[in-house]
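# Report on the structure
For reference, the chains in residue letters:
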Amino acid sequence: MTRDSRPWLVRAFLLVLLVAAAVAFPKVFTNPAVTNYGVLALIFVTVASAWNIFSGNSGYISLGHAVFFGSGAYAMGIAARDWNVQGTTVFALLPLAAVVGAVIAVVFGLIALRVRRHTFIVITIAVFFIFQLAAFNLRSLTGGSAGLNSPFLNWPSSGYNTPFYYIALAFAGATIAIAVAVRRSRFGLQLRAIRDDEDRARGLGVRAMRVKLTAFVLSGAITAMIGSIWFYYINQVEPQTGFDPLFDLLVVLMAFLGGYGSITGPVLGALIIEPGTLWLNTQPQFSGGYLSEILLGAVFLVIVLFVPRGIVPTGGEWITRLRTRGRPAVVPVAAGAATAGSAGGAAAASAASPAGATADAPPASRASKGGAR
Amino acid sequence: MTAVLRTEGIKKAYGGVQALNGAGISVDEGTIAGLIGPNGSGKTTLFNVITGYDRADEGQVHFAGQVITNAAPDKVFAAGLGRTFQLTRIFPRLTVLENMLVAAQHKRQQRHTVRQRAMDLLEFVGIDRHAGLLAGSLSYGQRKLLELAYVLVADPAVILLDEPAGGVNPTLINLIADRIRELNSQGKTFLIVEHNMEFVMGLCSTITVLESGAAVVSGPPEMIRSDKRVLDAYLGADLEEEEPDE
Ligand SMILES: Nc1ncnc2c1ncn2[C@@H]1O[C@H](COP(=O)(O)OP(=O)(O)OP(=O)(O)O)[C@@H](O)[C@H]1O
Ligand SMILES: [Mg+2]
């Protein structure tokens, strides 16, 4: 039920073009410094989309998705070490990461999903810190603050990034496809009804807990898998990188910049923010991390203040406004114009939660010991 | 006839306000029952307690042979009890049609059948033109109609309506009354809270009057109309003036 009036042929063409560009990217840019941006951007496209499947649809803002990301990484590291798995067979362990993510999500969800809004956010942050502390302290399992190294991949170092690029691309594509499927399903509709008025939805027979938990588990399993891919890719995980306090702020920022709750929004947000922060971290004047964190905070403020609904919905509105040029619009457009007010209000309300979350952020970033990533 | 819905001695206080003070009502299966009373007499609170949106301090709710006191809203719905809200509760960021589909989704039916039924009901209440709009953009009266439509599409055995005629235009009020009668003839039970006396008196076979959180009288419309206590407490001169018309 999209409000976009572009004919499907144009959209299909654009999609093919995008996929072709994504596939051709490492062939055109062979410089590993560039493909590195590609791999990490796609990893975050996956994470932001997975986050959005749960948080964007249900309205429950999770600031604890690093729990899944880090657990996926650690699960792989521990399994590969203890079972002595080597080389490309390591990838056979991916389903294990998904299971670990899912199991954690069930327990995490059964606790956190009992409460709503700000309380939910606070609980996700608390669970996050429990996991980070555990990673630091369960030394025999996690290697403590030294972390774990990934199994050796005997791939030629010249094109090392390329296979990872395609794996990450496949994950990103699959996650977006799942997001689209969820969006179109009954399940997705129930999630969005919960977002609008959970109690009302329950009064119409929606089994809210079950629906929320399913979305949380789906989202957590995907995040854990991509976390283990990330682990192979960068070769190691430490408590402050696997369970990075900035991780969730970045993901939320990506979703809000692009358009919280839409399919394309988090994708676009990840493609802008991840390369952006990577680039900032390579600039000598920003090294030490503080400045890039301050910049991130500033971007967050700008988004919440000026494009609270994100680039994609706001851009769509501008296009509509340009097309109609202020003429009294026909019915479907009137919908867009008329809803702008109320939806804006709603977005402002939901924007209030992450804004509240940023208030919790300073101690979090201090704990990261500066620029973990 | 047997009572499908019955409450016993329901008490509910909000701080110092005793919203319900031993409220007992009984709705027979297959009837259209009315619940009237002055503003603040506890009608909405009673609905909230019955449907799990509020907890009773004391008392019991019996529904279809089960005790459903303080059951969660989804359990109450699953038992076969649906409701509307006086201050409408629609899903503002879903489209009008999506609102309908949320309500219809518990039924294992073909997608297009559900959709068709949803569209039919929207057409009935006259907002089918707006099916693709976000529900948040509807006017108050349209929201009222949407809420009625989606409770109808949800199709519970017993339907509680909290002021279905509030803010709705007179022609449509008559249509709604007709629709309720039609559904009732097919076996649906209704409990209706409404300040529009003509609507209630014309539709309901039994009316209960709530005052200060307790039921004071219950009986057929003619009896309520002439009850001294009701006239004093609630209906006032209003109905006495209307009576010669009939
Ligand atoms: N959530 C609440 N918190 C505090 N007081 C409440 C709450 N809900 C209802 N009340 C109080 O309980 C009493 C009964 O309210 P209720 O809404 O049930 O009345 P009503 O019969 O539905 O009135 P109306 O005809 O105006 O809709 C009122 O005094 C009201 O102020
Ligand atoms: Mg009321």
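These numbers come from a predicted model, not from an experiment. (Residues numbered from 1 in each chain as written. Chains lettered and ligands numbered in written order. Predicted model: local features only at pLDDT ≥ 70, side-chain atom pairs only at ≥ 80, totals over all residues. Heavy atoms only, no water.)

Here the focus is the interface of chain B and chain A. Across the boundary between the two partners, chain B contributes 33 residues, which contact 27 residues of chain A. For the pair chain B and chain A, the summed buried surface comes to about 2,700 Å²; carbon and sulfur atoms form 58% of the total. Looking at the side of chain B facing chain A, the largest losses of area belong to B:Phe91, B:Arg93 and B:Gln105, adding up to 26% of the total buried there. Run the count over chain B and chain A and you get five salt bridges. Among the salt bridges present, the one from B:Glu98 reaches A:Arg192, with a minimum N-O distance of 3.3 Å. Applying the counting rule to chain B against chain A returns eleven residue pairs in polar contact (both at pLDDT 80 or more). When contributions to the side of chain B that touches chain A are tallied by element, the ones reaching two or more residues are α2 (73-79), α3 (96-104), α4 (111-125) and α5 (140-154) of chain B. A breakdown of the residues in the side of chain B that touches chain A according to their chemical character gives 16 nonpolar, seven polar and ten charged. (Contact = heavy atoms within 4.5 Å. Buried area = accessible area lost by both parts, 1.4 Å probe. Salt bridge = Lys/Arg side-chain N within 4 Å of Asp/Glu carboxyl O. Polar contact = N/O pair within 3.5 Å; in protein donor to acceptor, adjacent residues only side chain to side chain. Helix = DSSP H or I, 4+ residues; strand = E, 2+ residues; numbered from the N terminus. Nonpolar A, V, L, I, M, F, W, Y, C, P; charged D, E, K, R; others polar.)

The next subject is the site of ligand 1. All names here are of chain B. Near ligand 1 there are 14 residues, and of these Asn-39, Lys-43, Thr-44, Thr-45 and His-195 occur at the shortest range. Within the backbone of Gly-40, an N or O atom sits 2.8 Å from an oxygen atom of ligand 1. Between Lys-43 and ligand 1, the recorded distance is 2.7 Å, taken from a side-chain N or O atom to an oxygen atom. In isolation ligand 1 offers 640 Å² of accessible surface; the protein chains occlude 63% of this area. Where the shell around ligand 1 is concerned, the elements lending two or more residues are β2 (17-23) and α1 (43-50). By residue number, the principal contributor to the shell around ligand 1 is α1, which donates three residues. Residues belonging to the shell around ligand 1 are distributed by class as follows: four nonpolar, eight polar and two charged. (Near = heavy atom within 4 Å. Areas by Shrake-Rupley, 256 points an atom, 1.4 Å probe, with all protein chains shown as cover.)

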